[in-house]
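Next come the chains, spelled out residue by residue.
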Amino acid sequence: QGLLRRSVSHSFLSFTSISEARQAIQKLTRVRVVDNSALGNTPYHRPPKCIHVYNKTGVGKVGDKILLAIKGEKKKALIVGHKMPGPTMTPRFDSNNVVLIEDNGNPIGTRIKTPIPYILRQREGEFSKVLAIARNFV
Amino acid sequence: CRASSDGKPAKFQPPAKPVIVDKQKQRVERRFLSPEFIPPRGRTDPLKYYMERKDMIQRRKVFNIPEFYVGSVLAVTTADPYANNKSNRFVGICIQRGGKGLGATFVLRNVIEGQGVEICYELYSPRIQAIEVLKLEKRLDDNLMYLRDALPEYSTFDMNMKPESHLDHEEIPVNKLQVRMKPKPWSKRWERPKYNIKGIKFELPESKMKEAQKWSQPWLEFDMLREYDTSKIEEQIWKEVNEELKK
């Protein structure tokens, strides 16, 4: 799955390198869904992309909710890790990780194998159900 | 006992005294001064660095910061209000040591469940409860940022790794591992001479390697304005730090 972003299969891209700017998640960023939901794991010819960030600034960090476009549908998601370095002592992941979520905050999947940062525990009230299905913490 | 030629008993010759060679004292003591003690080149008042060094030594008296290099595997336990048991343990390979003075940082990298995680810790932060060196070794480069573009097997370390013992007086082993990379594109063009990386096994064609040499700047090593000789400064700081630590 990590090699997806390296494939240059589109004909309209004439250059060989896709620059990977390590910024946080904003509109049109390709993200990686980490839970075991069917929507996130079935392959599709387009990667899931962010189309809106529910934030005053359009930039999403860990713990922000975003709108994803997956398989032709709109779904809300929660950011659990990004490639941009954050404050010291917080982990920086090698891919932009996201967990699919309903409007009321219930996660769609049943298990999250990838490590989740402990910072999310701060907002235990909103994310308690997502934290309950998470297995590893960093 | 030899029979003398004269027939008289030979004079008693005592055996030669054994020469005791204390091999432990003979070995040259390995000096290690942490790189954040060395002040950067600039025009600031050395008093500022002296005061910072005093604070750094104060912290080191209370909390032991072991000797480690880029490429050694460390386990760090930090105090985290949101973790269970309030403390959080992370094991990883040190890929970079940056910053000078109290803001010195080091970045640990590990691959957990297929996901690469890097955490930048501050050496002198009061949140750090313990730093253990699980494997003390050096690598061919000072900066292992290329591990992000290398195959994940080179960055995976078991979270419950046992510490490997290291003898005090021996030299630190240099791991001459040549790392294999994922297919290009990489986050940085590591084959270029600017990064001067020796720890990658480049499997690129010769033409690409030659093209990368176009960006070499051979005049840089002869540039006298860029020279920063730290040997004398290191001697001074070494003496100062050792005196303070003994108090």
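Conventions adopted
- Residues numbered from 1 in each chain as written.
- Chains lettered and ligands numbered in written order.
- Predicted model: local features only at pLDDT ≥ 70, side-chain atom pairs only at ≥ 80, totals over all residues.
- Heavy atoms only, no water.
- Helix = DSSP H or I, 4+ residues; strand = E, 2+ residues; numbered from the N terminus.
- Polar contact = N/O pair within 3.5 Å; in protein donor to acceptor, adjacent residues only side chain to side chain.
- Buried < 20%, exposed > 50% of the residue type's maximum accessible area, 1.4 Å probe, protein only.
- Contact = heavy atoms within 4.5 Å.
- Pairing = 2+ DSSP bridges.
- Axes fitted to C-alpha atoms, helices over the stretch in contact; angles between N-to-C directions.
- Expected span 1.5 Å × (residues − 1).
- Arc of directions from axis to C-beta.
- Phe/Tyr/Trp six-rings, centres within 6.5 Å; stacked < 30°, edge-to-face > 60°.
- Core = buried A, V, L, I, M, F, W, Y, C linked by side-chain atoms within 4.5 Å.
- Patch = residues over 30% accessible without salt bridge, like charges linked within 9 Å, V, L, I, M, F, W, Y side chains within 5 Å.
- Areas by Shrake-Rupley, 256 points an atom, 1.4 Å probe, with all protein chains shown as cover.
- Salt bridge = Lys/Arg side-chain N within 4 Å of Asp/Glu carboxyl O.

**Q** I keep staring at the side chain of R92(A) and nothing clicks. Help me out?
**A** Residues and elements named next belong to chain A. Tracing the chain through its elements places R92 in strand β5 (residues 91–93). Among the polar contacts made by the side chain of R92, one reaches the main-chain carbonyl oxygen of K83 at a distance of 2.8 Å. There is a polar contact of 3.2 Å between the side chain of R92 and the side chain of D94.

**Q** Just to check I follow, could you spell out the environment of P40(B) for this structure?
**A** Residues and elements named next belong to chain B. Its place among the elements puts P40 in the loop between α1 (23–26) and α2 (46–62). Overall, P40 belongs to the partly exposed group, its relative accessible area being 36%. In the structure, P40 is positioned 190 residues away from T230 in sequence and 9.6 Å away in space, judged by C-alpha atoms. Setting aside anything within four residues of it in sequence, one finds P40 in contact with Y49, K100 and Y228.

**Q** Help me out: how do you make sense of the sheet that holds strand β1 (residues 73–79) of chain B in this one?
**A** Sheet strands pair via backbone hydrogen bonds, and the direction of the pair is either parallel or antiparallel. The strand order across the open sheet formed by 6 strands is β5(A)-β4(B)-β3(B)-β2(B)-β1(B)-β5(B), and the pairing between neighbours is antiparallel. Where the open sheet ends on each side, the last strands, each with one partner, are β5 of chain A together with β5 (128–135) of chain B. The average undirected angle you get between the axes of adjacent strands in this sheet is 35°. Two strands pair when backbone bridges link them, and β1(B) and strand β2 (residues 87–98) of chain B are joined in this way by 7 bridges, in the antiparallel orientation.

**Q** What's the story with helix α4 (residues 231–246) of chain B in this structure? I'm lost.
**A** An α-helical turn contains 3.6 residues, so any two residues separated by three or four positions project in the same direction. Residues and elements named next belong to chain B. In a regular helix each residue adds 1.5 Å, so 16 residues correspond to 22 Å; α4 covers 23 Å between its end C-alpha atoms and thus fits that length. Within α4 the residues assigned to the buried category are I237, W238, V241 and E244. Taken down its axis, α4 places every buried residue within 140° of arc, on the same side. Among the exposed residues of α4, those pointing more than 90 degrees away from its buried face are K232, Q236, K239, E243 and K246. Buried residues along α4 sit in contact with α2.

**Q** So what exactly am I meant to see when it comes to unusual backbone geometry here?
**A** Phi is mostly negative for residues that are not glycine, and the peptide bonds are mostly trans. K184(B) connects to P185(B) through a cis peptide bond whose omega is 10°. Following the sequence through the fold, P185(B) ends up in the loop between β7 (174–175) and α3 (206–212). A positive phi is found at K71(A), a non-glycine position, where the angle reads about 50°. By the element assignment, K71(A) lies in the loop between β3 (65–70) and β4 (73–81). For K71(A), a relative accessible area of 33% puts it in the partly exposed group. Residue K86(B) is not a glycine yet carries a positive backbone phi of 60°. Here K86(B) lies in the loop between β1 and β2.

**Q** Help me understand the packing of aromatic side chains, please; the structure alone is not making it clear to me.
**A** Describing an aromatic ring pair means giving the distance of the ring centres and the angle of the ring planes. Under the defined criterion, the tally for this structure stands at 7 aromatic pairs over all chains. Ring centres of Y118(A) and F137(A) lie 5.4 Å apart, and the angle between their planes is 15°; on these two criteria the pair is classed as stacked. Of this pair, Y118(A) sits in the loop between β6 (97–101) and α2 (124–133) while F137(A) sits in the segment after α2, and the two are 19 residues apart along the sequence. Here Y118(A) falls in the buried class, since its relative accessible area comes to 10%. When the ring of Y146(B) is compared with that of W190(B), the centres are 6.4 Å apart and the planes differ by 75°; the resulting orientation is edge-to-face.

**Q** Quick question: what am I supposed to make of the nonpolar core here?
**A** In summary, soluble globular proteins display a tendency toward joint burial of nonpolar side chains. Residue and element names in this part refer to chain B. Ranked by internal contacts, the top residues of the largest apolar core, which has 54 residues, are F106, Y121, Y146 and L147. Looking at this core, the elements that each hand over two or more residues are α2, β1, β2, β3 (105–112), β4 (115–122), β5 and α4. In terms of residue count, the dominant contributor to this core is β2 (5 residues). Look past the residues within four positions of L147 in its chain and what remains in contact with it is I93, I95, R109, Y154, S155 and V179.

**Q** How do you make sense of the sheet that holds strand β1 (residues 32–33) of chain A when you look at a structure like this?
**A** All names here are of chain A. The strand order across the open sheet formed by 5 strands is β1-β6-β4-β3-β2, and the pairing between neighbours is mixed. Bordering the open sheet on either side are β1 and β2 (49–53), each of which pairs with just one other strand. With 2 bridges joining them, β1 and β6 adopt parallel strand pairing. Within β6, the position partnered with R32 by the bridge is N97.

**Q** Teacher, can you tell me more about a nonpolar patch on the surface here?
**A** A cluster of nonpolar side chains, contributed by L47(B), Y50(B) and M51(B), occupies part of the molecular surface with about 290 Å² of accessible area. Within the secondary structure layout, Y50(B) lies in helix α2.

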